[in-house]
Amino acid sequence: MAPQGKVYRGSVKDFQGFDANQDAEALYNAMKGFGSDKEAILDLITSRSNKQRVEICQAYKSLYGKDLIADLKYELTGKFERLIVSLMRPPAYGDAKEIKDAISGVGTDEKCLIEILASRTNQEIHDLVAAYKDAYGKDLEADIVGDTSGHFKKMLVVLLQGAREEDDVVSEDLVEQDAKDLLEAGELKWGTDEAQFIYILGRRSRQHLRLVFDEYLKIAGKPIERSIRGELSGDFEKLMLAVVKCIRSKAEYFAERLYKAMKGLGTRDNTLIRIMVSRSEIDMLDIREVFRTKYEKSLYNMIKEDTSGEYKKALLKLCGGDDDAAGEFFPEAAQVAYRMWELSAVKVELRGTVQPAGDFNDDGDAQVLRKAMKGLGTDEGAIIEVVTKRSNAQRQQILKAYKAHYGRDLMADLKSELSGSLAKLILGLMLTPAQYDAKQLRKAVEGAGTDESVLIEIMATRNNQEIRAINEAYQEAYHKSLEDDLSSDTSGHFKRILVSLALGNRDEGPENLTQAHEDAKVVAETLKLADVSSNDSSDSLETRFLSILCTRSYPHLRRVFQEFIKMTNHDVEHAIKKRMSGDVRDAFVAIVRSVKNKPAFFADKLYKSMKGAGTDERTLTRIMISRSEIDLFNIRGEFIDLFDKSLHHMIEKDTSGDYRKALLALCGGED
């Protein structure tokens, strides 16, 4: 049952017309004789609540004098047996069994300990401790202390007390103090005061900590997760990150755990079973919706693709439905989306990874480059060292010094001496940002076919000043206006979006709350999520929608999208993906993502350029060049937050030779 005043968010409910004796008899018959009717077993057990399954166990014992769990273990095998037997245990005993397995034998399954202890409520922890004592006759805290060490052990012991504050009344002064204490315990301290992290993250209420995390972002200029990654290490770091994620949104935490359990080769079945069982009567509906929103596919379909047989059928029953077909958007996903828009409004300092070189000498650099290209062979290392360690303004000075000193065109010399991906990277770095963007846009529209993804990436993410500079550079280089080329090479609403963005006329003022509410109504009506009783025609609504996304300021659009969530219980990005298609959808999604978190937008594009077989070197090169002096440092932070691996590591793994060396120099460090 859901707590009073709360809507039930589990996927498994009490079975109507339940009869424990009848179900016990059905299970007995399904296991009687040679073989067993696995379909009948899974259908029955997955459609009963845990409380009802416990009653079935008792009825089975009364009717047949046998232990139902023992019979199920005997009749079933493998993953299917583990799943069905796990469903038969009360939640606290299920957690106790998982922890016992995690610390028994050689080695410890730290991930299991982290998942359970970081995510359970005080009452669930108290029930777990009692169940462990009852089932194994041992003290859980003593067993965990004996099997773990260091700060990881200390934090586990704190969590095991089940003493997290539960008061919803929050003191603003204490929020500010805790945020300040965390900053001083980590980022501002030589070494790290782990005890402060343990005390605050282990004891404070969820509501309080959410506000602490928001305040921390304001004063530190980075999310608490990034500081934890920088200041802590090993299992302690993983535990603290899990605690933070569960404080923010348990549904999002479990959606991520499920995704990682199934992505790539092989399936982490123990994790998959544990989460599907333990959350089936708590928040599976929320997990499903966050999963679909975050990974753009339903949990149902991922289970379907990644598992087989009766095991798959049972998991799908616990999942409870396919959200790709349903199209609903649940409150938890809306809350996660709303919180992301709130965080996006916090001012964060943008930092590039390439800074102007100190003691810069343009003539000396010109001589180094000439020497690197003179005679037989080319010293690519020397070229990389100079070009990647100078700002773009300094590179422009080097071009002039080279011409003055040698009467030669440095760009032409570099083009003749370098080749392949390295040549494209180095030559791109020697152009001004506006010249480089103009060249990329020209390539995207000339010849057969149009590279819409490049048009979208550049036009949706550049500010007014950058757009105007691109227009000038385009006219100077190609003697044509960018607007004319975009108009002749695209069509329909997509053309209107690009031409509007190419004007560089986006408002630059603050939000207007009254206007934001009206704009949110237009967005909702255009996406057919609200009846605004508007007299506008469909064409008029689409024109206003386009104008809102292409001309309103970023602060204003953030408020519009928050108002949209409050109005419709949908996230605007999710709604656009659901109701639009093709290049128009991709362009609007890029604008929304850029407004929400531009570094995260580029981190996602970089990840996609390198994941899987082959590398999209054009995208990789373009982003590394264009963001190196703007926000590549921030992109690195978002990259590791989103994908649990560093940009540096992925470049190192996915590229080679001098091209890799130059990219890593631009990347600027390992996170």
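Details of the structure are given in the entry above.
Residues numbered from 1 in each chain as written. Predicted model: local features only at pLDDT ≥ 70, side-chain atom pairs only at ≥ 80, totals over all residues. Heavy atoms only, no water.

Draft legend 1. Representation of the overall build of the protein in the model. Summing up its helical and strand segments, the protein has 41 helices and 0 strands in all. A compact globule built from 671 residues should have a C-alpha radius of gyration of about 26 Å, and the protein, at 29 Å, falls within 12% of that. With respect to the principal axes defined by its C-alpha atoms, the protein has extents near 100 × 65 × 60 Å. Looking at the protein residue by residue over its 671 residues, the buried ones come to 52%. A sequence separation of at least 24 residues applies to 73% of the contacts in the protein between residues at least 6 apart. Accessible area for the protein stands at about 30,200 Å²; split by element, carbon and sulfur atoms hold 48% of it. (Helix = DSSP H or I, 4+ residues; strand = E, 2+ residues; numbered from the N terminus. Rg over C-alpha atoms; globule rule 2.2 N^0.38 Å. Buried < 20%, exposed > 50% of the residue type's maximum accessible area, 1.4 Å probe, protein only. Contact = heavy atoms within 4.5 Å. Areas by Shrake-Rupley, 256 points an atom, 1.4 Å probe, with all protein chains shown as cover.)

Draft legend 2. Geometry of the nonpolar core. Grouped together as the largest cluster of nonpolar side chains are 104 residues, with contacts concentrated most on Met 459, Ile 576 and Met 624. For this core, the element with the highest residue contribution is helix α37 (residues 582–610), accounting for 13 residues. Among all residues touching Ile 576, those that are not within four sequence positions of it are Leu 527, Phe 545, Leu 549, Arg 585, Phe 588, Val 589 and Val 592. Membership of the second largest hydrophobic core comes to 96 residues, among which are Leu 128, Val 212, Val 244 and Val 336. (Core = buried A, V, L, I, M, F, W, Y, C linked by side-chain atoms within 4.5 Å.)

Draft legend 3. Representation of the packing of helix α32 (residues 492–502) against α37. Contact geometry of α32 with α37 gives a least axis separation of 8 Å together with a crossing angle of 30 degrees. Taken as a pair, α32 and α37 cross one another with a handedness that is left-handed. Where α32 abuts α37, its residues His 493, Phe 494, Ile 497 and Leu 501 lie against Asp 583, Val 584, Ala 587, Phe 588 and Ile 591. For the contact of α32 with α37, the residue count by class is 7 nonpolar, 1 polar and 1 charged. (Axes fitted to C-alpha atoms, helices over the stretch in contact; angles between N-to-C directions. Left-handed = near helix turned anticlockwise from the far one by under 90°. Nonpolar A, V, L, I, M, F, W, Y, C, P; charged D, E, K, R; others polar.)

Coordinates in, geometry out; function isn't part of it.
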